[in-house]
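Report on the structure
In case you want the letters, here they are:
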Amino acid sequence: MKLLISLLPLALVSSAMAASPMMITGAGATFPFPIYSKWFDSYSAKNKDVRINYQSIGSGAGIRQFTDKTVDFGASDSPMTDDQVAKAGAVLHIPTVLGAVVLTYNLAEVKEAIRFTPEIIADIFMGKIKKWDDAKLKAANPKLALPAKDILVAYRSDGSGTTGVFTDYLSKISPEWKSAVGAGTAVRWPVGIGGKGNEGVTGVVKNTPGSIGYVELIYAHQNKLPIGLVKNLAGEFIEASPKAVSAAAAGALKSMPADFRVSITNPAGKGAYPISAFTYLLVYEKMAAAKATALKDFLGWAMADGQKMAETLTYAPLPASMMPKVKAHIAKIQSIDATKK
């Protein structure tokens, strides 16, 4: 009897350990954090044996942790470069949804959306347009009474896929920006003040009259900040929306690379929002068996049930025509145990 009693706590501990859910860890982009949070919670509610812990730390930091193999997956809005892929090993870029990088600003006295041409955007972030009543802004917005306030630029201080998307756009529309600053997840900004994460830039704009920054669409919506209209290649001033983001991706579908690493900024076509992007989960092609199985199951769920949540959170679902190729890409995830010879 004494032996039975002494073994009982050990049995209970062993049972509890056996019932503990598998933990999958990831880190990276803040751009898709709102929808990823929803996805991970919804998936785990239906699959109680798996928990996904995601740290929203920016694409740059996420890629570093992924490369160092301290997480099970990374996340980025900008595809990894060839050099980054070489350091990380066999990497799969799994597109999850599409989103928009928007210009948001703090001008309480202006009640209608401000219109921005590509030239104006480049000049503001180069520090060449310094006031809201600049002649170029007034010409693009003849019906608005723009104030004679100084413009304060807010940018991402951390390595950021959102920055990668925005500077990719700027490099396409401004030769001066391309040569002086360039594109990347971290650049030397000519002017402004930094904020960490989409949350940080949103906070700077929300608390600083006269400021302007670039964030993922949902961050502006959630904080009730105004969103600028951006002139596209077709000459239209476009409001960011899931429909306009989908239109931006349409042209890329015809020549989509096999690894899905593609830029869709400044696309041709009517109705296209020009600062749009795919966002990706970064996955090791070879993983431990149990985690490989769990992650593939989650990604399969994300391509089905998860896509239905996209528009309610201001993202655009992946085009239906991409799904067969994306699912085939997910199927490339291999169990390390299964590949041993």
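My aim in this report is to walk through the structure given alongside it, one point at a time. (Residues numbered from 1 in each chain as written. Predicted model: local features only at pLDDT ≥ 70, side-chain atom pairs only at ≥ 80, totals over all residues. Heavy atoms only, no water.)

Some details on the pattern of salt bridges
One pass over the full model with this rule turns up 13 salt bridges. Note that Lys 128 and Asp 123 form a salt bridge whose closest N and O atoms lie 3.9 Å from each other. A residue is classified by how much of its surface remains accessible, and Lys 128, at 47% relative accessible area, is partly exposed. Between Lys 308 and Asp 305 there is a salt bridge; the shortest N-O distance is 3.7 Å. Overall, Lys 308 belongs to the exposed group, its relative accessible area being 67%. In this structure, a network of salt bridges that share partners links the residues Glu 119, Asp 123, Lys 128, Lys 136 and Glu 176. (Salt bridge = Lys/Arg side-chain N within 4 Å of Asp/Glu carboxyl O. Buried < 20%, exposed > 50% of the residue type's maximum accessible area, 1.4 Å probe, protein only.)

A word on unusual backbone geometry
Backbone geometry at Lys 224 places phi at a positive 55°, although glycine is not the residue there. Inspection of the secondary structure assignment puts Lys 224 in the loop between α10 (217–222) and β9 (229–231). (Helix = DSSP H or I, 4+ residues; strand = E, 2+ residues; numbered from the N terminus.)

Points about helix α12 (residues 289–302)
Between the first and last C-alpha of α12 there are 20 Å, a value that for 14 residues agrees with the 20 Å anticipated at 1.5 Å per step. Listing the buried residues of α12 in full gives Ala 292, Ala 294, Leu 295, Phe 298, Leu 299, Trp 301 and Ala 302. (Expected span 1.5 Å × (residues − 1).)

Focus: the nonpolar core
Grouped together as the largest cluster of nonpolar side chains are 110 residues, with contacts concentrated most on Trp 39, Ile 114, Phe 116, Phe 125, Phe 166, Phe 278 and Phe 298. When residues in this core are grouped by element, the largest group, 10 residues, is from strand β4 (residues 91–105). Excluding anything up to four places from it in sequence, Phe 278 contacts Asp 77, Pro 95, Val 97, Leu 98, Ala 249, Met 256, Val 262, Ile 264, Leu 318 and Met 322. (Core = buried A, V, L, I, M, F, W, Y, C linked by side-chain atoms within 4.5 Å. Contact = heavy atoms within 4.5 Å.)

Some points on the sheet that holds strand β2 (residues 50–56)
Reading across from one edge, β2-β1-β3-β11-β4-β8-β6-β7 is the order of the 8 strands in this open sheet, with mixed pairing throughout. Looking at the sheet topology across the chains shown, the edges are occupied by β2 and β7 (193–195). Here the strands of the sheet are splayed against their neighbours by 25° on average, with no regard to which way each runs. Pairing between strand β1 (residues 22–28) and strand β3 (residues 73–76): 3 bridges, direction parallel. Bridging from a neighbouring strand, Ala 27 pairs with Gly 74 of β3. Contacting β4 and β11 (276–284), helix α11 (residues 242–250) runs over the sheet at an angle of about 125° to β4. On the sheet, α12 packs against β1, β2, β3, β4 and β11 and is oriented at approximately 65° with respect to β1. (Pairing = 2+ DSSP bridges. Axes fitted to C-alpha atoms, helices over the stretch in contact; angles between N-to-C directions.)

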